[in-house]
Amino acid sequence: MALAVGRGFLLQPCSSSAFISKNIYKAWPARPDPGTTRRFTRTVVRAQLGRPTWLPGLDPPPYLDGSLAGDFGFDPLGLGEDPESLKWYVQAELVHSRFAMLGVAGILLTDLLRVSGIINIPVWYEAGAVKFKFANTETLFIVQLILMGFVETKRYMDFVSPGSQAQASFFGVEAALEGLEPGYPGGPLLNPLGLAKDIKNAHDWKLKEIKNGRLAMVAMLGIFVQAYVTHVGPIDNLVEHLSNPWHKTIVQTLANSGS
């Protein structure tokens with residue numbers, strides 16, 4: 001019983017390590033060497049408080065040591081056990097996060113302009129079917145393949161050999177990007193405000209970016225599901241909810257969609 005209580009205190013987040021340690025000493029069972037036990041307990045408590053994890057009290061995997069931006073020990077499938085795979089997953093998450101942030105911002109902005117009547121454009125999930133006069137769909141698709149293929153190829157080559165793409169010259173593009181480190185090209189084009197010129201000491205900026213990116217990926221998934229269920233854009237859903245907040249909710253929407 002005492003042991004269970006002691007472990008319970010270890011799992012609870014608290015700003016005062018002295019308070020936690022004091023309660024643990026009271027609840028922990030007697031040991032032959034109380035001095036050693038107290039030093040060990042204090043070390044465990046401080047480690048728990050100093051290493052935030054996605055689930056309080058959970059011991060993170062040894063390969064997630066907190067050095068990566070946004071590392072909270074979440075890897076239930078063990079995908080990052082291989083160091084080389086972990087490096088690639090970090091880059092993949094970073095790219096998906098940036099695309100998700102751009103996608104969410106673009107969908108919300110264009111949907112707001114559409115609903116408010118400022119411009120006449122289709123809802124976001126029908127925008128891809130729009131025909132343009134200056135080029136047909138096949139031409140646009142091929143151009144996109146070439147441009148995205150060029151960018152993604154250079155990104156992969158910089159991942160394989162960090163800094164290599166900043167040394168080559170393609171119409172002076174590399175000089176503008178600087179190539180700070182894989183995943184963070186920097187330069188006046190992608191870092192116009194110079195917020196992270198010293199990329200080695202930009203952990204806070206990296207953390208903010210990956211947090212917002214993860215939130216955007218969840219938001220993007222929500223927008224996908226919302227469009228599939230309601231067949232309207234997110235601003236339309238918001239306006240409908242605000243018109244009758246107690247009866248126009250996700251519960252009623254899902255119930256009506258299933259009936």
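Residues numbered from 1 in each chain as written. Predicted model: local features only at pLDDT ≥ 70, side-chain atom pairs only at ≥ 80, totals over all residues. Heavy atoms only, no water.

(A) Spotlight on the pattern of salt bridges. This model, assessed by the stated rule, comprises 7 salt bridges. Taking the shortest distance from any N to any O, the salt bridge between Asp236 and Arg114 comes out at 2.6 Å. Separated by 122 residues along the polypeptide, Asp236 in helix H10 (residues 234-243) and Arg114 in helix H4 (residues 83-115) bring together distant segments of the chain. The exposure class assigned to Asp236 is partly exposed, which follows from its relative accessible area of 24%. In this structure, Glu240 engages Lys248 in a salt bridge whose closest nitrogen and oxygen atoms are separated by 3.7 Å. Judged by relative accessible area, which is 38%, Glu240 ranks as partly exposed. Of the residues examined, Lys248 reaches a relative accessible area of 38% and is grouped as partly exposed. Several salt bridges share partner residues, and in doing so they unite Asp111, Arg114 and Asp236 into one network. (Salt bridge = Lys/Arg side-chain N within 4 Å of Asp/Glu carboxyl O. Helix = DSSP H or I, 4+ residues; strand = E, 2+ residues; numbered from the N terminus. Buried < 20%, exposed > 50% of the residue type's maximum accessible area, 1.4 Å probe, protein only.)

(B) Region of the structure containing helix H9 (residues 203-230). For H9, with 28 residues, the first-to-last C-alpha span of 40 Å sits near the 40 Å given by 1.5 Å per residue. Among all positions in H9, only Lys206, Ile210, Gly213, Ala216, Met220, Ile223 and Ala227 are buried. For H9, the secondary structure elements touched by its buried residues are H4. Positioned one or two residues after H9, His231 has a phi angle of 65°, which is positive. (Expected span 1.5 Å × (residues − 1). Contact = heavy atoms within 4.5 Å.)

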